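One-letter residues, chain by chain:
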Amino acid sequence: MSDPAHRSWRAMRALVLDHDRRKEVCETLDMSFVRIKALLALAGEPMTMRELAARLSTDPPYTTLIVDDLEARGMLIRTAHPTDRRAKIVVLSPAGQDAAQRAARLLNRPPAALSELSEEQLITLDEILAQLARAGAHAPL
């Protein structure tokens with residue numbers, strides 16, 4: 001039998017990663033999750049293709065395919081970098097902003113199981129997650 005840390009981590013992974021919310025957002029927006037991650041990353045700020053590749057943890061050629069597809073869908077615009085003519089800046093179009101907001105709303109909607117917890121349990125869970133975040137977890141997209 002595993003220790004409580006392993007059980008907790010397994011349960012959190014299952015709740016977050018195996019939850020149908022990712023499938024729901026992909027079906028709703030009719031695109032892969034990596035494209036949705038790109039929209040969410042760009043909703044925060046425009047960035048270079050290199051910065052986007054780093055944020056998505058994808059290699060540059062794959063990032064180009066993602067950007068090409070999102071550009072063809074009218075979700076983003078590539079513009080020249082103001083000081084580096086070799087680089088391109090990627091910015092969301094209004095349609096891309098709308099899609100990113102829809103994705104964020106869907107992804108941030110709590111699973112029904114959370115509504116079964118008491119107020120006290122939710123406060124405790126929130127405090128634990130905040131502590132974990134301070135200990136080095138990265139902010140979600």
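Being a predicted model, the structure only gives us computed values, none of them experimental.

The rules we used
- Residues numbered from 1 in each chain as written.
- Predicted model: local features only at pLDDT ≥ 70, side-chain atom pairs only at ≥ 80, totals over all residues.
- Heavy atoms only, no water.
- Helix = DSSP H or I, 4+ residues; strand = E, 2+ residues; numbered from the N terminus.
- Contact = heavy atoms within 4.5 Å.
- Areas by Shrake-Rupley, 256 points an atom, 1.4 Å probe, with all protein chains shown as cover.
- Patch = residues over 30% accessible without salt bridge, like charges linked within 9 Å, V, L, I, M, F, W, Y side chains within 5 Å.
- Salt bridge = Lys/Arg side-chain N within 4 Å of Asp/Glu carboxyl O.
- Buried < 20%, exposed > 50% of the residue type's maximum accessible area, 1.4 Å probe, protein only.
- Expected span 1.5 Å × (residues − 1).
- Arc of directions from axis to C-beta.

Draft legend 1. How the structure looks around the overall build of the protein. The helix and strand inventory of the protein stands at eight helices and three strands. Tracing the protein from N to C terminus, the helices and strands come up as α-α-α-β-α-α-β-β-α-α-α. Each principal axis of the C-alpha distribution contributes one length, and for the protein these read about 55 × 30 × 25 Å. Of the contacts formed within the protein by residues at least 6 apart in sequence, a portion of 51% connects residues at least 24 apart. Of the roughly 9,700 Å² of accessible surface on the protein, a fraction of 56% belongs to carbon and sulfur atoms.

Draft legend 2. Seen up close, a nonpolar patch on the surface. On the surface, a nonpolar cluster with roughly 270 Å² of combined accessible area is contributed by Leu15, Val16 and Leu17. In this fold, Leu17 is placed in helix H1 (residues 4-17). Classification of Leu17 as partly exposed rests on a relative accessible area of 44%.

Draft legend 3. Up close: helix H5 (residues 60-72). Here H5 is 13 residues long and its end C-alpha atoms lie 18 Å apart, about the 18 Å a rise of 1.5 Å per residue gives. Along H5, the residues that are buried comprise Thr63, Ile66, Val67 and Leu70. Projected down its long axis, H5 carries its buried residues within an arc of 95 degrees, all on one side. Opposite its buried face, H5 presents the exposed residues Pro61, Leu65 and Ala72, each directed more than 90 degrees away.

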